[in-house]
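Secondary and tertiary structure notes
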Amino acid sequence: SGKWLAANPVPSDRTTWGSFEMLGEYSLAVQKQIVEAAAAAKSADGTVEQKIGDIYALGNDEAKLNADGINPAKPLLAEVNALTDPASISKYLRDSFAKGNQSVFAFGPGEDFKDAKNVIAYAFQDGLSLPEKAYYLEPQYQDKRDAFVAHVERMLVMAGVEASAAKAQAATVLSFETRLAKASLSPIELRNPANQYNFVSIADADKASPNFSWSQFFAAEGLKDVKGFSLSQPKFFAEMDKMIADTPTADWKAYLTYQTINGAAPFMSDAVANERFDFYGKTMRGQKEQKPRWKRVLDSVNANMGEALGQIY
């Protein structure tokens, strides 16, 4: 394959290249024509064309995004900054999930492992910014941890944290996530289906988490008469519950501030988006250049309105 590899280098905005990636590029080019036409069509409000066209046009308006800076994220950052105690942290997490913003753990539907005719809710370990627990604990990843702390410091400054405080807060974020990592299962352990399924009643879940009410969480989600759900990694959620009670609120605020600005970064100004890419793209994945904005916006359209785009396609 030497001659082929020499004649077909990996594009600078990708980390792998082959026939499927080539087909993907062709498909993106076709989709680009479709969404650009939708953006220019001025379709009636509420139509699929209008929604997709508006998202695509807004996402590609670099002048507006760069002028806005972090302003679009300020209301979310203000919610984090308003935290005062464990009760407010629990409420923040409940409210965030109800809005579709997930922090610390993952939550969503899936087929019941023991009765595939039913769909149940799953709460699953999450909350780590690095790929998995080994990156927090093993010596060979020290350089990645150092790069992560430097990245978090820069992101916190962009989020409005004083430069004099950002360095210490970045170290706090690593410490916070390391505690979550120690309570997390490794990818190998998660291969065991038994480690992905732990069906409990809401009442039993509440007993296991005195600082985080699952009954209130489900109420915030608008879910009623739920018999139970899978609290999939009990050790992780027990540690999360302890952290709500014994971790200083300031540490939670540092962690959630980073999570908030990092989650918003792909949709914001070039400065914020590029900082995120420099760490996750270049440092962690070896990607030389970030995808052009139109590809990133199209990725977002596919992720959030993929079936709607398929209707037009």
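The written sequence of each chain sets the order in which its residues are numbered from 1. Reporting in this predicted model follows two pLDDT cut-offs: at least 70 for local features of residues, and 80 or more for side-chain atom pairs to be given and counted; totals over whole chains, interfaces and linings ignore these cut-offs and use all residues. With hydrogens and water set aside, each side-chain value is computed from the structure's full complement of heavy atoms.

Some words on the side chain of S300
Note on conventions: DSSP H or I runs of at least 4 residues are helices, E runs of at least 2 residues are strands, and numbering of each starts at the N terminus. Relative to the helices and strands, S300 is located in helix α16 (residues 293-312). Relative accessibility under 20% of the residue-type maximum defines a buried residue, over 50% an exposed one, and the middle range a partly exposed one, all with a 1.4 Å probe and only protein chains included. Since its relative accessible area comes to 18%, S300 is described here as buried. Non-local contacts of S300, meaning those with residues more than four positions away in its chain, are made with F267 and M305. By definition, residues are in contact when any of their heavy atoms lie within 4.5 Å.

Some points on the environment of F236
Along the polypeptide, F236 turns up in helix α13 (residues 234-246). As for F236 and K182, which are separated by 54 residues in sequence, their C-alpha atoms are 8.6 Å apart. Apart from the residues within four sequence positions on either side, F236 is in contact with V104, F105, Q125, D126, L180, A183 and S184.

Some remarks on the pattern of salt bridges
Salt bridges are defined by distance alone: a side-chain nitrogen of Lys or Arg within 4 Å of a carboxyl oxygen of Asp or Glu. Inspection of the entire model under this criterion finds 15 salt bridges. Across the salt bridge formed by D95 and K91, the nearest N and O atoms sit 2.7 Å from each other. Of this pair, D95 and K91 both sit in helix α6 (residues 86-98), separated by four residues, roughly a single helical turn. Look at K91 and you get partly exposed, because its relative accessible area is 44%. Measuring nitrogen to oxygen at the nearest pair gives 2.7 Å for the salt bridge that ties R293 to D270. Of the two residues, R293 sits in helix α16 while D270 sits in helix α15 (residues 270-285), which places them 23 residues apart along the sequence. Given the relative accessible area of 6%, R293 is considered buried. With relative accessibility at 22%, the residue D270 sits in the partly exposed group. Here the salt bridges share partners, and the residues they tie into one network are D13, R14, E25 and K295.

What about the packing of α6 against helix α14 (residues 249-264)?
For any two helices packed against each other, one specifies the crossing angle of their axes together with the interaxial distance. Where α6 meets α14, the closest approach of the two axes is 11 Å, and the angle between their N-to-C directions is 20 degrees. What the angle tells us is that α6 and α14 run roughly parallel. Here α6 and α14 pass one another in a crossing that is left-handed. Across the interface between the two elements, I89, Y92 and L93 of α6 pack against T249, W252, L256 and T260 of α14. Under the scheme applied, nonpolar residues are Ala, Val, Leu, Ile, Met, Phe, Trp, Tyr, Cys and Pro; charged residues are Asp, Glu, Lys and Arg; polar residues are all the others, including Gly. Its residues placed into classes, the contact of α6 with α14 shows five nonpolar, two polar and no charged. Each axis is a line fitted through C-alpha atoms, and for a helix only the stretch in contact is used; angles between axes span 0 to 180 degrees, taken between their N-to-C directions. Oblique is the label for any angle not covered by the other classes, which are roughly parallel (under 35 degrees), roughly antiparallel (over 145) and roughly perpendicular (65 to 115). Note: crossing handedness is left-handed where the near helix turns anticlockwise from the far helix by less than a right angle, and right-handed where it turns clockwise.

Here we look at the sheet that holds strand β3 (residues 199-200)
DSSP calls a pair of strands paired once it identifies at least 2 bridges connecting them. Pairing is mixed across the open sheet formed by four strands, whose spatial order is β1-β2-β4-β3. Because the sheet does not close on itself, it has two edges, and the strands there are β1 (105-112) and β3. Pairing of strand β2 (residues 115-125) with strand β4 (residues 229-231) involves two bridges; the strand directions are parallel. When the bridges of β4 are listed, Y122 appears paired with S230. Most of the contacts of α13 go to β2, to which it runs at about 40 degrees, and overall it touches β1, β2 and β4.

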